[in-house]
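Inside the fold
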Amino acid sequence: MDLRIFTEPQQGADYDTLLAVAKATEALGFDAFFRSDHYLRMGSADGLPGPTDAWITLAGLARETSRIRLGTLMTAGTFRLPGVLAIQVAQVDQMSGGRIELGLGAGWFEDEHKAYGIPFPKEKSARLEEQLAIVTGLWATETGKTFNHDGTYYQLTDSPALPKPAQAKVPVLIGGHGAVRTPRLAARYADEFNIPFASLADSERQFGRVRAAAQSAGRSPDDLVYSNALVVCVGKNDAEVARRAAAIGREVEELKANGLAGSPAEVVEKIGAYEAIGSSRIYLQVLDLDDLDHLELISSQVQSQLNGA
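Given the structure is predicted, the values throughout are model-derived calculations rather than measurements.

Right, let's get into the overall build of the protein chain. Helices and strands together make up the secondary structure of the protein chain, namely 11 helices and 12 strands. Over its C-alpha trace the protein chain gives a radius of gyration of 19 Å, about what one expects of a compact globule, namely 19 Å for 309 residues. Overall, the protein chain is about 60 × 45 × 35 Å in size when its C-alpha atoms are taken along their principal axes. Here the protein chain holds 309 residues, and 54% of them are scored as buried. In the protein chain, of all internal contacts separated by at least 6 residues, the share reaching a separation of at least 24 is 73%. Accessible area of the protein chain: about 13400 Å², with a carbon and sulfur share of 50%. Within the protein chain, one finds 30 positive and 40 negative side-chain charges whose respective centroids are separated by 5 Å.

Our focus in this paragraph is the layout of surface pockets. Over the atoms, a rolling probe the size of a water molecule traces out where space has been left empty. Volume-wise, the largest pocket comes out at about 1200 Å³. Lining the largest pocket are 47 residues, and of these Glu8, His38, Met42, Trp108 and Phe197 sit closest to its centre. In terms of residues, the lining of the largest pocket owes the most to one element, helix H6 (residues 181–189), which gives three residues.

Running from N to C, H6 and helix H7 (residues 200–216) point in directions that differ by 50°, and their axes come no closer than 8 Å. Classified by the interaxial angle, the pair formed by H6 and H7 is oblique. Viewed along their axes, H6 and H7 form a crossing whose handedness is right-handed. In this structure, H6 uses Thr182, Pro183, Arg184, Ala186 and Ala187 to contact H7, whose residues at the interface are Gln206, Arg209, Val210, Ala213 and Ala214. When its residues are assigned to classes, the contact of H6 with H7 shows six nonpolar, two polar and two charged.

This brings us to unusual backbone geometry. Following Leu73, the chain continues to Met74 via a peptide bond in cis, the omega torsion being -20°. Tracing the sequence through the fold places Met74 in the loop between strand E3 (69–72) and strand E4 (75–76). Omega for the bond connecting Leu162 with Pro163 falls within 30 degrees of zero, at 0°, which places this linkage in the cis form. Examined against the element boundaries, Pro163 turns out to sit in the loop between strand E7 (155–159) and strand E8 (172–175). Of note in the backbone geometry, Asp158 takes a positive phi value of approximately 50° without being a glycine.

The next thing to look at is the pairing of strand E2 (residues 32–35). Burial of the side chains of E2 extends over both faces: Ala32 and Phe34 are buried on one face and Phe33 and Arg35 on the other. Pairing geometry for strand E1 (residues 2–7) and E2, over four bridges, is parallel. Its bridge partner lying in E2, Ile5 is registered against Phe33. With helix H1 (residues 15–27) bridging E1 and the parallel E2, this β-α-β connection has right-handed handedness. Taken together, the four bridges between E2 and E3 define a ladder with parallel strand orientation. From the neighbouring strand, Phe34 faces E3, where its bridge partner is Gly71. Once you follow E2 into helix H2 (residues 54–64) and on to E3, the crossover reads as right-handed.

Calculation rules
Residues numbered from 1 in each chain as written. Predicted model: local features only at pLDDT ≥ 70, side-chain atom pairs only at ≥ 80, totals over all residues. Heavy atoms only, no water. Helix = DSSP H or I, 4+ residues; strand = E, 2+ residues; numbered from the N terminus. Rg over C-alpha atoms; globule rule 2.2 N^0.38 Å. Buried < 20%, exposed > 50% of the residue type's maximum accessible area, 1.4 Å probe, protein only. Contact = heavy atoms within 4.5 Å. Areas by Shrake-Rupley, 256 points an atom, 1.4 Å probe, with all protein chains shown as cover. Lys, Arg positive; Asp, Glu negative; His and termini not counted. Charge placed at Lys NZ, Arg CZ, Asp CG, Glu CD. 1 Å grid on protein atoms, 1.4 Å probe; cavity = no way out; pocket = protein on both sides within 12 Å on 5 of 7 lines; lining within 4 Å. Points joined across faces, edges and corners; volume = space filled by probe spheres on them. Axes fitted to C-alpha atoms, helices over the stretch in contact; angles between N-to-C directions. Parallel < 35°, antiparallel > 145°, perpendicular 65-115°, else oblique. Left-handed = near helix turned anticlockwise from the far one by under 90°. Nonpolar A, V, L, I, M, F, W, Y, C, P; charged D, E, K, R; others polar. Pairing = 2+ DSSP bridges. Right-handed = clockwise from strand over helix to strand, strands pointing away.

So far we have only geometry, and geometry alone does not tell us how the molecule works.
Structure, rendered in structure tokens:
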């Protein structure tokens, strides 16, 4: 079971805070550091000192880390033109020595678009399908040849399809709860399917849909990695769990019901339940980015048990 650290910087974090978390992620043996792609806080958080851009952040971290994978859950398709995104991701992949992964979604948070003057089109899902075709098509185009796309929303003519990523193939993540289009897109384009903040029953159902879609597309369902994103709140005792829950404005019982919360043993047991339904990777949504002791505890008492140490 891979454990990855997943951050939500729009809730309030500058680059130095994210760098500290990424370095701790690497030092403590986690598999990857991922971040959301949002420009506006959600809920009651103050969001200070303001948003950071996902791909600018990852470019910086690419040069200041050496082992961990780096990526987004999920880059909003409404924020970037697909040709430009392909260039950005390829460049950051080169900067990292081939450690980048691209999670790409349709975009959904209308208020942040209004706040920063970003168009919020109605046809987001249909646009996402073209974006996936363009980004992956540009990367797959043989050097010296050109890429063309004549779509409903995007047209590319005689693109040199450069630069290329360092990796032969940048892993593409697709996720969500949609019953039809999402599994179909995952079967066609994804290396990994991620379901965010879902119960065991809902995860198992959605994994089944993706596996069936892959089979229908002539692809082995086992070609994909299946993963979950879940909020995490671990403590050595009940008081520590309660303190960490209060720090992120959540209730302990709610966190236990909807995420990974409680003692290390409780969290290991619940991760095992997700593993039993086919998940092989967990993105741990860490909401208090100043609490690096939390990461150390998860590393020493959760990850170590999962690894059989």
